[in-house]
Amino acid sequence: MDFNYEKYAQKINNEKSAELLLNAISRNCVKIGRPVSVMEVCGTHTHEIFKSGVRQLLPANLKLKSGPGCPVCVTDNEYIDGAVVLAQSPDNIILTFGDMLKVTGSFSSLSLAKSGGADIRIIYSPLDSIKIANDNPEKNIIFLSVGFETTAAHTAFLVKEAAQSGITNIYIYEGNKTVPEALKLIAFHPDVKIDGFLLPGHVSAVTGVDYYRPALTECKIPSIICGFEYIDILYSLASLTEMIAAGKNEIRNEYFRVVSEHGNKKAQELISEVFEPCGANWRGLGLLNNSGLALKPKYKNFSAAFKFSELLSRRYEHKFKNTPAIENCRCGDVLLSIITPAECPLFGNECTPENAIGPCMVSSEGTCAAFYKYAQN
Ligand code: SF4
């Protein structure tokens, strides 16, 4: 690329850099000469794109589509139903990140369970589980491990710490997902049609660049590992449109101040020591082989799904009790960018951040929440 990263990062103010990058994107889009769709896979990118107004500045033939990179949004109803029945037991304390509370599954939400007396606590790090387990030895402490590769490393560390400390009342409700299989599904989906991906910078800091090569080589979609400032996004789009114009199918790392070729080896070793790949159900994407992480047999005693399998089977007794509004939520289509949030009939009237119906509006990283807050068109 003819634009120098070091120059824009260190010597040129962002306003001037943005202008130069937008010019580069425009020139590339003229060369491409047809409509181009780029998916930002990550919810944090989606919010920065809306917040900064980047979308409105792009050439008319370059469209940004928002992908399934919000972990709360892609967590399916079956998992949420399981979390609710686990929470309803007086023997259990549920630990979760905040956004999970308000997501409604097939029959209830953690928030409703909490108002009914369930002991559900919001934590900011999986390691908070250790103190709570030590303070409550008579209770089962269940951490809802929802997230991508980044969160998986933290959960793996928790499991190892608990094992080494001899703590026996911590359980992991496995809900982690991994990115490559989702990229493949999107790339080959007949209704999506993507020319390039902006890949998540924080996941990539753990995984490195290599990690994506098998999946992206198979899909032949040019991709950029992208940082989270608007100027990173513009730079990545300039690099990506340059590749598309030249007919190249590479993976470029444009977030190299954070992401290395091979990633964080220690985090990867932790993940592969504690977890093994498994199939996972994604909201909107369905069941994808090798897209989830299950505890290895050595750590199975920490698995909530293993320990509480009988209790979890009760979630199926509650199926299909939802209100019609929830049944009409189009989050699955939003997560694949088959529709925009504004095309969901509930957007902005029945479904708002104050009265969110689907996870894409509930989650702070959700596409519907970003649309509502910054765009609404
Ligand atoms: Fe679901 Fe609300 Fe988004 Fe519609 S606007 S897809 S109901 S979250």
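Everything here concerns the structure above.
Residues numbered from 1 in each chain as written. Predicted model: local features only at pLDDT ≥ 70, side-chain atom pairs only at ≥ 80, totals over all residues. Heavy atoms only, no water.

(A) Molecular detail of the site of the ligand. The full set of residues close to the ligand is Cys329, Arg330, Cys331, Val334, Cys344, Leu346, Phe347, Cys351, Gly358, Met361 and Cys368. One can see that the ligand is located within the largest cavity. The residue makeup of the shell around the ligand, split by class, is nine nonpolar, one polar and one charged. (Near = heavy atom within 4 Å. 1 Å grid on protein atoms, 1.4 Å probe; cavity = no way out; pocket = protein on both sides within 12 Å on 5 of 7 lines; lining within 4 Å. Sits in = over half its atoms within 2 Å of the grid points. Nonpolar A, V, L, I, M, F, W, Y, C, P; charged D, E, K, R; others polar.)

(B) Inspection of the side chain of Thr155 at higher detail. Relative to the elements of secondary structure, Thr155 occurs in helix 9 (residues 149-165). Apart from residues lying up to four places away in sequence, Thr155 is in contact with Pro126, Phe143, Ser145, Ile172, Asn176 and Phe275. (Helix = DSSP H or I, 4+ residues; strand = E, 2+ residues; numbered from the N terminus. Contact = heavy atoms within 4.5 Å.)

(C) Up close: the packing of aromatic side chains. Under the counting rule described, the total for this entry stands at nine aromatic pairs. A centroid spacing of 5.7 Å and a plane angle of 80° characterise the contact between Phe97 and Phe143, whose relative ring orientation is edge-to-face. In this pair, Phe97 is assigned in the loop between strand 3 (92-96) and helix 7 (110-115) and Phe143 in strand 5 (residues 140-147), connecting sequence segments 46 residues apart. Grouped by ring-pair contacts, the aromatic residues Phe50, Phe347, Phe371 and Tyr372 constitute a single cluster. (Phe/Tyr/Trp six-rings, centres within 6.5 Å; stacked < 30°, edge-to-face > 60°.)

(D) A look at helix 20 (residues 367-375). Regarding helix 20, the residues found buried are Thr367, Cys368, Ala369, Ala370, Phe371 and Ala375. Close packing links the buried residues of helix 20 with helix 3 (43-52), helix 4 (54-57), strand 2 (62-69), helix 18 (331-335) and helix 19 (359-362). (Buried < 20%, exposed > 50% of the residue type's maximum accessible area, 1.4 Å probe, protein only.)

(E) Structural context of the packing of helix 2 (residues 14-32) against helix 13 (residues 230-246). Two numbers describe how helix 2 lies on helix 13: the axes approach to 9 Å, and their chain directions differ by 20°. Here helix 2 is positioned roughly parallel relative to helix 13, judged by the angle of their axes. In the crossing of helix 2 with helix 13, the sense of the turn from one axis to the other is left-handed. Contacts between helix 2 and helix 13 pair Asn14, Glu15, Ser17, Ala18, Leu21, Leu22, Ala24, Ile25, Asn28, Cys29, Lys31 and Ile32 from the former with Tyr230, Ile231, Leu234, Tyr235, Leu237, Ala238, Thr241, Glu242, Ile244 and Ala245 from the latter. The residue inventory of the contact of helix 2 with helix 13, partitioned by class, reads 15 nonpolar, four polar and three charged. (Axes fitted to C-alpha atoms, helices over the stretch in contact; angles between N-to-C directions. Parallel < 35°, antiparallel > 145°, perpendicular 65-115°, else oblique. Left-handed = near helix turned anticlockwise from the far one by under 90°.)

(F) Summary view of the environment of Ala156. With respect to the helices, strands and loops of the structure, Ala156 is situated in helix 9. Between the C-alpha atoms of Ala156 and Gly53, which are 103 residues apart in sequence, the distance is 37 Å. When neighbours within four sequence positions are excluded, Ala156 is seen to be in contact with Leu270, Ile271, Val274 and Phe275.

(G) Quick peek at the nonpolar core. Membership of the largest hydrophobic core comes to 75 residues, with the highest contact counts inside it found for Leu86, Leu110, Ile142, Tyr173, Phe197, Leu199 and Tyr212. Apart from the residues within four sequence positions on either side, Phe197 is in contact with Met39, Val41, Leu183, Ile186, Ala187, Leu216, Ile221, Pro222, Ser223, Ile224 and Leu240. Counting residues in hydrophobic clusters, the runner-up holds 27 residues, among them Ile93, Ala162, Ile271 and Leu295. (Core = buried A, V, L, I, M, F, W, Y, C linked by side-chain atoms within 4.5 Å.)

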